[in-house]
Structures are given as C-alpha cells and as structure tokens.
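Listed below are the residues making up each chain.
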Amino acid sequence: MTYKLKILTNNFVFETDLAAKKIHVVREFNAPLEKVWKAWTDPDLLEKWVAPKPWKAATKTMDFTVGGIWLYAMVSPEGQKHWVYAKFTAIEKDVAISSTGMFCDGTVTRLPTGQNHTGILHSHPLTVTEQRSTW
Amino acid sequence: MRRDIYQAIADPTRRAILTLLTVGTMTPNAIAGHFGSSRQAVSKHIQILAECGAVDQTHSGREIYYQLNMEKMKEIDYWMAAFRKMWEDRFDQLDKVLNDL
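None of the values given here were measured: they were computed from a predicted structure.

Caption draft 1: Main features of the overall build of chain B. Secondary structure summary: chain B contains 5 helices and 2 strands in total. Helices and strands in chain B line up, N terminus first, as α-α-α-α-β-β-α. Reported as C-alpha extents along the three principal axes, the dimensions of chain B are approximately 70 × 30 × 25 Å. For chain B, the proportion of its 101 residues judged to be buried stands at 21%.

Here it is, written out as structure tokens:
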C-alpha cells in the first residue's frame, strides 16, 4: 500500500535587514498559482486571512488597479476599527503586486508625501512564483 | 530624554557604528576614522548609543573602548519575533482559505 505524503513544510523564511529597514518573507503554498493570486487580490478572500485573530478585516472599498486603493478596517471583537489605506503601485498579473499603505482614520484620500510622515508608511512588494511538483 | 534600543538603530551613522563594533572593541578615535563627519558628530552618536544601552565602555589606561552590548541588541530580535509570528499565523490562515477554494 502506498500513501501520498502531504508536504507539511512550507519553507517559511523571515529575514530582517535592520540597516535597510526591511523584512524579507518567503512562503510556499500548496495550491495552484491562480488560487494564490485570487486570495491576494479578491477582497472577500483577503478578509478571510489578513487579520490576526481575533481581529477581522472588513473592506470599505477595493480597486485592484495600478493607483487603486484598498481601504479596509481591522475590526476588534469589541468593534474597534483600525483603518488601513493601501495603494497599489504596480501590478503584473500572476507575477507581482506592489503596494504602499498606512494606518489611517478611514477618511484619507491620499498618502502623505515627502520625508516628514511619521514612519507609519510601509511598502509591500510581493512576487509570486509557481513550482509544480510531481509525485 | 528617554532612550531605547530603537533610537540606537534609527540613524544610519549609528547603524554603521554598530556594524563596525560587531568586529571588535574600538576607541572613539578609531570609530571616527571610519566616517567623513566631524569627531564631535561621531562622538555625539557614540554618546547616544551608550545612553541607549547599545554599547558599553571599558577604560584601559587613558583610552576608552566601546563594545556592542549584545544582550541589549537582542531586544530587537524579541520585538521582531512578534512580527514573524504574525506572518506565520496569517499564512496559516491563508492555507485554510486556499484549501477551501
């Protein structure tokens, strides 16, 4: 009798480069690229995984285009909302997404410019690659 | 002013000094020799690093030597561990979403 072993390692990498103020994260998912891409770009799916439990994510608006905004809230069990404003700066379908965002009060309409913002701005360059494995 | 380890690494010159000190102990003069800025400016950075607890000083004769305080630097690791955990948990949740798709 043979068993198919489910791969439990996901090659998680978490490296910090303090000098460059960068965190490098790598993770493998046991799913086809189309599904992974959908989970990162469809707000209904994003809401199911981006918030740390017991917080939930709730989307106000989502425009997944270059220059478009995803405005959503992290909602606590008590209903307290922490708004996040994320702007998509580059999209290459099935390959890469770049976004820049910040916590905000839910009413902002643009990102702060210049060097004087208070350090809450963050950038997420995401690259997706697919590896097909054979059994 | 209250200092913490994050102020130590908030400045590029101070991060460079900390990198230098990973190799070994150094005198203020030796540290300053690595930078184009004035000795006073470098000295000020070293003073801030000491106030943050990032470096310790030892006296040997007339010289002062600075060394990294690794225990203090580890605070940053502990703090970053929370972010690592957050990403791990988040991706475990994404695993479930992908499974159900």
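Caption draft 2: Molecular detail of the overall build of chain A. Within chain A, the regular secondary structure consists of 2 helices and 7 strands. When the helices and strands of chain A are read in sequence order from the N terminus, they spell out β-β-α-α-β-β-β-β-β. Looking at the 135 residues of chain A, the share that counts as buried comes to 10%. Put simply, 21% of the contacts in chain A that link residues at least 6 apart link residues at least 24 apart.

Caption draft 3: Representation of the pairing of strand β1 (residues 13–17) of chain A in the model. With 0 of 5 residues buried, β1 of chain A lies mostly on the surface of the structure. Count of turn residues in the β1 of chain A/strand β2 (residues 22–26) of chain A antiparallel hairpin: 4 residues, of which lysine 21 of chain A carries a positive phi of about 55°.

Caption draft 4: The arrangement of unusual backbone geometry in detail. All names here are of chain A. Each neighbour pair has its own omega, and for lysine 53 with proline 54 the value is 5°, a cis peptide bond. Residue position: proline 54 is located in the loop between α2 (43–46) and β3 (56–62). In the Ramachandran plot, aspartate 94 falls in the positive-phi region, its phi being about 65° despite a non-glycine side chain. Of note, aspartate 94 is situated in the loop between β5 (81–92) and β6 (96–104). On the basis of neighbour counts, which here come to 12 C-beta atoms within 10 Å, the residue aspartate 94 falls in the exposed class.

Caption draft 5: Layout of the packing of helix α2 (residues 12–21) of chain B against helix α4 (residues 39–52) of chain B. All names here are of chain B. One way to put it is that α2 packs onto α4 with a least axis distance of 10 Å and a crossing angle of 75°. As summarised for this structure, α2 and α4 are arranged roughly perpendicular, according to the angle between their axes. Here α2 contributes Thr13, Arg14 and Ile17 to the contact with α4, which in turn contributes His45, Ile46, Ile48 and Leu49. For the contact of α2 with α4, the residue count by class is 4 nonpolar, 2 polar and 1 charged.

Caption draft 6: Quick look at the interface of chain B and chain A. Counting from both sides, the interface comprises 18 residues of chain B and, opposite them, 19 residues of chain A. Ranked by residues supplied to the side of chain B that touches chain A, first place goes to helix α5 (residues 70–100) of chain B with 15 residues. Each residue belonging to the side of chain B that touches chain A can be placed in one class, and the counts come to 11 nonpolar, 1 polar and 6 charged.

Caption draft 7: Focus on the environment of glutamine 67 of chain B. Residue and element names in this part refer to chain B. Its place among the elements puts glutamine 67 in strand β2 (residues 63–68). For the pair formed by glutamine 67 and leucine 18, sequence separation is 49 residues and the distance between their alpha carbons is 8.8 Å. Sequence-distant contacts of glutamine 67, that is, excluding residues within four places in its chain, are made with Leu21, Thr25, Val55, Asp56 and Thr58.

Caption draft 8: Region of interest: the pairing of β6 of chain A. Residue and element names in this part refer to chain A. Across 9 bridges, the pairing between β5 and β6 is antiparallel. Looking at the pairing, phenylalanine 88 lines up with serine 99 of β6. The turn linking β5 back onto β6 is made up of 3 residues, and aspartate 94 within it adopts a positive phi angle of 65°.

Caption draft 9: Just the nonpolar core, in detail. Counting residues in each nonpolar core, the largest one holds 16 residues, and the members touching the most others are Leu21, Ile31 and Leu49 of chain B. Those elements that place two or more of their residues in this core are α2, α3 (28–32), α4 and β2 of chain B. No other element matches α4 of chain B, which puts 5 residues into this core. Aside from chain neighbours lying at most four places away, what touches isoleucine 31 of chain B is Ile17, Leu20, Met26, Val42, Ile46 and Tyr66 of chain B. Membership of the second largest hydrophobic core comes to 6 residues, among which are Ile69, Trp70, Val84 and Tyr85 of chain A.

Caption draft 10: Quick peek at the packing of helix α1 (residues 33–41) of chain A against α5 of chain B. One way to put it is that α1 of chain A packs onto α5 of chain B with a least axis distance of 10 Å and a crossing angle of 120°. When the axes of α1 of chain A and α5 of chain B are compared, the pair comes out oblique. In the crossing of α1 of chain A with α5 of chain B, the sense of the turn from one axis to the other is right-handed. Contacts between α1 of chain A and α5 of chain B pair Lys35, Val36 and Ala39 of chain A from the former with Leu94, Val97 and Leu98 of chain B from the latter. In the contact of α1 of chain A with α5 of chain B, the residues fall into 5 nonpolar, no polar and 1 charged.

Cut-off values and rules
- By convention here, each chain's residues receive numbers from 1 onward along its written sequence.
- Chain labels run from A onward and ligand labels from 1 onward, assigned in the order the entries are written.
- Given that this is a predicted model, residues contribute local features only at a pLDDT of at least 70 and side-chain atom pairs are listed and counted only at 80 or more, while totals for whole chains, interfaces and linings are drawn from all residues.
- Secondary structure elements are taken from DSSP: a helix is a run of H or I of four residues or more, a strand is a run of E of two residues or more, and numbering for both begins at the N terminus.
- For every residue, the other C-beta atoms within 10 Å of its own C-beta are counted; 20 or more classify it as buried, 12 or fewer as exposed, and values in between as partly exposed. C-beta atoms are placed from the backbone.
- We call two residues in contact when their backbone-placed C-beta atoms lie within 7 Å.
- Here, any two strands with at least 2 DSSP bridges between them count as paired.
- Between N-to-C directions, angles span 0 to 180 degrees; the directions come from axes that are lines fitted to C-alpha atoms, helices contributing only their stretch in contact.
- Roughly parallel means an angle under 35 degrees; roughly antiparallel, over 145; roughly perpendicular, 65 to 115; everything else is oblique.
- Only Asp, Glu, Lys and Arg are considered charged, only Ala, Val, Leu, Ile, Met, Phe, Trp, Tyr, Cys and Pro nonpolar, and every remaining residue, Gly among them, polar.
- Among buried residues, those of type Ala, Val, Leu, Ile, Met, Phe, Trp, Tyr and Cys that are joined through C-beta atoms within 7 Å form a set called a nonpolar core.
- For any pair of crossing helices, the crossing counts as left-handed if the nearer helix is rotated counterclockwise from the farther one by less than a right angle, and right-handed if it is rotated clockwise.

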